[in-house]
Amino acid sequence: MIKKMKRDHIALCCISLAWFLILSGRYSISNLLPKITQDLNFSWTEAGIAMTSMWLFYALLQFPSGIFSDIKGRKISIILAMVVFSISYFLVGFSIHFFMFFLALILLGAGTGGYPSVGISMITDIFKEKRGKALGIRSSAGSLAYIVPMIAAVIASYYDWRSFFFIWSGISLISIYLFYRGTQESTQLPKTVSVKERVVDGISIFKKPQIQLMFVVNLLIAITWISYMSFFQPYLIVGKEGFNGFLAGIALGILGIGGFIFKPFIGSLSDRIDKKIIILILSVTTGLATLALVFSNSIIIIFLICPALSLSTAIFPVISSFLMDQWDDKGRAGKLGFYRSMLILLASPSSSVIGYLADRYSFDVPFIGLAIIFFIAAIVILVSLALNYKKNKNLN
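No experiment lies behind these values; they were computed from the predicted model shown. (Residues numbered from 1 in each chain as written. Predicted model: local features only at pLDDT ≥ 70, side-chain atom pairs only at ≥ 80, totals over all residues. Heavy atoms only, no water.)

On to helix α2 (residues 44–60), then. A rise of 1.5 Å per residue sets the reference length of α2, with its 17 residues, at 24 Å; its end C-alpha atoms lie 24 Å apart and thus fit the reference within 8%. Among the residues of α2, W44, A47, G48, A50, M51, T52, S53, M54, W55, Y58 and A59 are the ones counted as buried. Capping the start of α2 is the job of one residue whose side-chain oxygen sits 3.4 Å from the backbone nitrogen of T45: S43. (Helix = DSSP H or I, 4+ residues; strand = E, 2+ residues; numbered from the N terminus. Expected span 1.5 Å × (residues − 1). Buried < 20%, exposed > 50% of the residue type's maximum accessible area, 1.4 Å probe, protein only. Polar contact = N/O pair within 3.5 Å; in protein donor to acceptor, adjacent residues only side chain to side chain.)

Turning next to unusual backbone geometry. In this structure, N41 takes a positive phi of about 60° despite not being glycine. As for its position among the elements, N41 is in the loop between α1 (2–40) and α2.

Before going further, it helps to examine the pattern of salt bridges. For the structure on display, the rule yields one salt bridge. The salt bridge partner of R162 is D39, with a shortest N-O separation of 3.4 Å. One end of the pair, R162, is in helix α9 (residues 161–182); the other, D39, is in helix α1, and 123 residues separate them in sequence. Under the relative-accessibility criterion, R162 is labelled buried at 18%. Note on D39: relative accessible area 45%, which makes it partly exposed. (Salt bridge = Lys/Arg side-chain N within 4 Å of Asp/Glu carboxyl O.)

A word on the packing of helix α12 (residues 245–270) against helix α14 (residues 299–309). The geometry of α12 relative to α14 is characterised by a closest axis approach of 7 Å and an angle of 30° between their N-to-C directions. Relative to α14, α12 is oriented roughly parallel. Between α12 and α14 lies a crossing of right-handed hand. Contact residues: L247, I250, A251, I254, L255 and F262 in α12; I299, F303, C306, P307 and L309 in α14. Taken together, the residues of the contact of α12 with α14 break down into eleven nonpolar, no polar and no charged. (Axes fitted to C-alpha atoms, helices over the stretch in contact; angles between N-to-C directions. Parallel < 35°, antiparallel > 145°, perpendicular 65-115°, else oblique. Left-handed = near helix turned anticlockwise from the far one by under 90°. Contact = heavy atoms within 4.5 Å. Nonpolar A, V, L, I, M, F, W, Y, C, P; charged D, E, K, R; others polar.)

Attention now goes to a nonpolar patch on the surface. A contiguous nonpolar surface patch, about 550 Å² in accessible area, is contributed by V83, I87, F90, L91, F94, L107 and F166. In terms of residue count, helix α4 (residues 74–94) provides more of the nonpolar patch than any other element does, five residues in total. With respect to the helices and strands, L107 occurs in helix α5 (residues 98–113). According to the relative accessible area criterion, L107 is partly exposed, its value standing at 30%. (Patch = residues over 30% accessible without salt bridge, like charges linked within 9 Å, V, L, I, M, F, W, Y side chains within 5 Å. Areas by Shrake-Rupley, 256 points an atom, 1.4 Å probe, with all protein chains shown as cover.)

This brings us to the packing of aromatic side chains. A complete count under the given rule lists 23 aromatic pairs for this structure. With centroids separated by 5.6 Å and ring planes inclined at 40°, the aromatic side chains of Y228 and F232 adopt a geometry described as tilted. Taken together, the positions of Y228 and F232, both in helix α11 (residues 209–239) and four residues apart, correspond to about one turn of that helix. A residue is classified by how much of its surface remains accessible, and Y228, at 6% relative accessible area, is buried. F232 sits in the buried class, given a relative accessible area of 0%. Aromatic pair Y228 and F367: ring centres 5.3 Å apart, planes at 80°, arrangement edge-to-face. Here F367 lies in helix α18 (residues 364–395) and Y228 lies in helix α11, a separation of 139 residues in the sequence. Directly above the aromatic system of Y58 lies the positively charged group of R26, at a separation of 4.8 Å from the ring centroid. (Phe/Tyr/Trp six-rings, centres within 6.5 Å; stacked < 30°, edge-to-face > 60°. Lys NZ or Arg CZ within 6 Å of the ring centre and 35° of its normal.)

Below is the structure:
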């Protein structure tokens, strides 16, 4: 029993490490984007298009990777994804003009897109109980990635921005070996498989009204998250007085530490309290914090706002736990993959919109829009809770 627990926890650590490497590299691109745009000579609109392309391919790979992992196994699926994103980090650093950078981000989107639904499903396979807590820990480990852009800024100031991506590519390649040795297959592979059946099974998830509701809320939150992760640090560097790459990295690090602290607690809370109520509170809080960010120019005040902003990232493990409770073991990764593909596919244009509005007006305008989106998500949840309350009252 103790040996099994140890094996399960090692697997959780390895899965979390992969998520950490994905997020840390992606956040560092955002931190170094002002240097990259200056060095390669392209606009915020073009930067937004490149980021949107990354998110687009990140979305497109979610569903097929989920089906592949249901058929061929979780372990091989994650290893393949890790190989691709390790190579893509190297290519980002090797870019000498916008088109190469654009193609490298597409490859990064494809590599990182092959991981999330499979990683979440592997954790769900392993942890039959305390699932919310395990998903919270995995997400919390990803929050540590927020600290890495500070390191990237320091490396870029002493050497250049390319050096960081060469280093991160090497670390990612080493992590593949650790994952290979530290994990074992978590799902029972089917003897016969119908890909058509799995596709139909994935599409069928939207028949449930509860899934439809959560998808709308999740889409709104995903739009804000993609926008934040693409342009939060550039916004601070070019839009807030006194900020440079290092200070923007500190702000992101504080945001990440907040997520690291809050996510396991909120994940455990979601195992006991109505998940919709938790999402409502987190959405309102983060919307208010976003407004405060827009109207603040003090470095200290912005640092103080960052922990409240981190609460938005805690929404995702709560939603993941909600979804996992709705689906049976069979084809779970395929279902989650289709759900995430549709979600991120619809949310991915937000980076292009943010970049365009920043060029045309300023970063303040789209970030006010993000605050409004948080409030809309809260209203949707509030209406759902009110309708459920009315329905239950009528039944009684």
